[in-house]
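Structural overview
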Amino acid sequence: NYFSVVFHFKMATFQELSAFLTKSEKCTKDKPISTPVQVKVLTELKVIFQDTTETSKYVATTLLSDNTCVMECTIYSETLAKQYFTKQNCLMISNYIISERDGKPTLLVNNKSVVFIIPNFAIKEDILQQAVLQQEEFPLTSIAEASLLPEKRRISIEGKVTKVI
């Protein structure tokens, strides 16, 4: 005798998750969001930092979309990044964190996140255009200007290193 079980999950949308940032109750590393989100990886993985010592720290970014908007994703797990976050893969992600970086919501994935590959789905053309605009490089800033910036942000710096402290 065979029987089948069908699971239905309430999926979150990126628009809902963006609104989550305005609520007083934030998610943290110890309290991630368990509501799954279905996304498509829009860009190649960009490795920001990879440590080869015993701590083996890893940070990579990519852009994701769920057909409501585009959101940057920062991945702190090299295993998950290499196994799942390939351009055009469609994923279901849970146990993630929503944070704000440079005034925009960011989805954070770490070793505690759960990621599955799901069947492919199409992304609307206007959403793809958002991704193209969001993919631009960080602004080139002089070291003098960077030291005066009011808050922590990602920028590109051009200059000569004269002393490392």
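For the structure, see preceding data.
Please read these numbers as outputs of a predicted model, since none were measured by experiment.

Broken down by element type, the protein carries 4 helices and 10 strands. When the elements of the protein are put in sequence order from the N terminus, they spell out α-β-β-β-β-α-β-β-β-β-α-β-α-β. Looking at the 165 residues of the protein, the share that counts as buried comes to 35%. Sequence separation of at least 24 residues holds for 61% of the intrachain contacts in the protein that already meet a minimum separation of 6.

Within the fold, Asn 67 resides in the loop between strand E3 (58–65) and strand E4 (70–75). Among the polar contacts made by the side chain of Asn 67, one reaches the main-chain amide nitrogen of Lys 124 at a distance of 2.7 Å. In this structure, Asn 67 is in contact with Phe 121, Ala 122, Ile 123, Lys 124 and Ile 127, ignoring residues within four places of it in sequence.

Our focus in this paragraph is the environment of Ile 118. Assignment of secondary structure puts Ile 118 in the loop between strand E8 (114–117) and helix H3 (125–134). Classification of Ile 118 by relative accessible area gives buried; the value is 17%. Between the alpha carbons of Ile 118 and Cys 90 there is a distance of 5.5 Å; along the sequence they are 28 residues apart. If we ignore the near neighbours within four places in the chain, the residues touching Ile 118 are Gln 38, Cys 90, Leu 91 and Met 92.

Side chains of nonpolar character tend, in soluble globular proteins, to be buried together. Within the largest apolar cluster, 25 residues are counted, with the highest numbers of intra-cluster contacts made by Phe 85, Ile 93 and Leu 107. Those elements that place two or more of their residues in this core are helix H1 (14–20), strand E1 (37–41), E3, E4, helix H2 (78–84), strand E5 (90–94) and strand E7 (104–109). When residues no more than four places from it in sequence are discounted, the contact partners of Phe 85 are Val 41, Leu 45, Thr 62, Leu 64, Cys 73, Ile 75, Leu 80, Leu 91, Ile 93, Val 109 and Val 115.

For E5, a buried count of 5 out of 5 residues is recorded, marking the element as mostly surrounded by other parts of the structure. Here E5 shows no split at all, with Cys 90, Met 92 and Ser 94 on one side and Leu 91 and Ile 93 on the other all buried. Relative to E5, E1 runs antiparallel, the two being bridged by 4 bridges. Each residue of the ladder has a partner; that of Lys 40, found in E5, is Cys 90.

Right, let's get into the environment of Asn 111. Following the sequence through the fold, Asn 111 ends up in the loop between E7 and E8. For Asn 111, a relative accessible area of 62% puts it in the exposed group. Distance in space between the C-alpha atoms of Asn 111 and Ser 77 is 5.5 Å, their sequence separation being 34 residues. Reaching out from Asn 111, the side chain makes a polar contact with the side chain of Ser 77 at a distance of 2.9 Å.

Conventions used here
- Residues numbered from 1 in each chain as written.
- Predicted model: local features only at pLDDT ≥ 70, side-chain atom pairs only at ≥ 80, totals over all residues.
- Heavy atoms only, no water.
- Helix = DSSP H or I, 4+ residues; strand = E, 2+ residues; numbered from the N terminus.
- Buried < 20%, exposed > 50% of the residue type's maximum accessible area, 1.4 Å probe, protein only.
- Contact = heavy atoms within 4.5 Å.
- Polar contact = N/O pair within 3.5 Å; in protein donor to acceptor, adjacent residues only side chain to side chain.
- Core = buried A, V, L, I, M, F, W, Y, C linked by side-chain atoms within 4.5 Å.
- Pairing = 2+ DSSP bridges.

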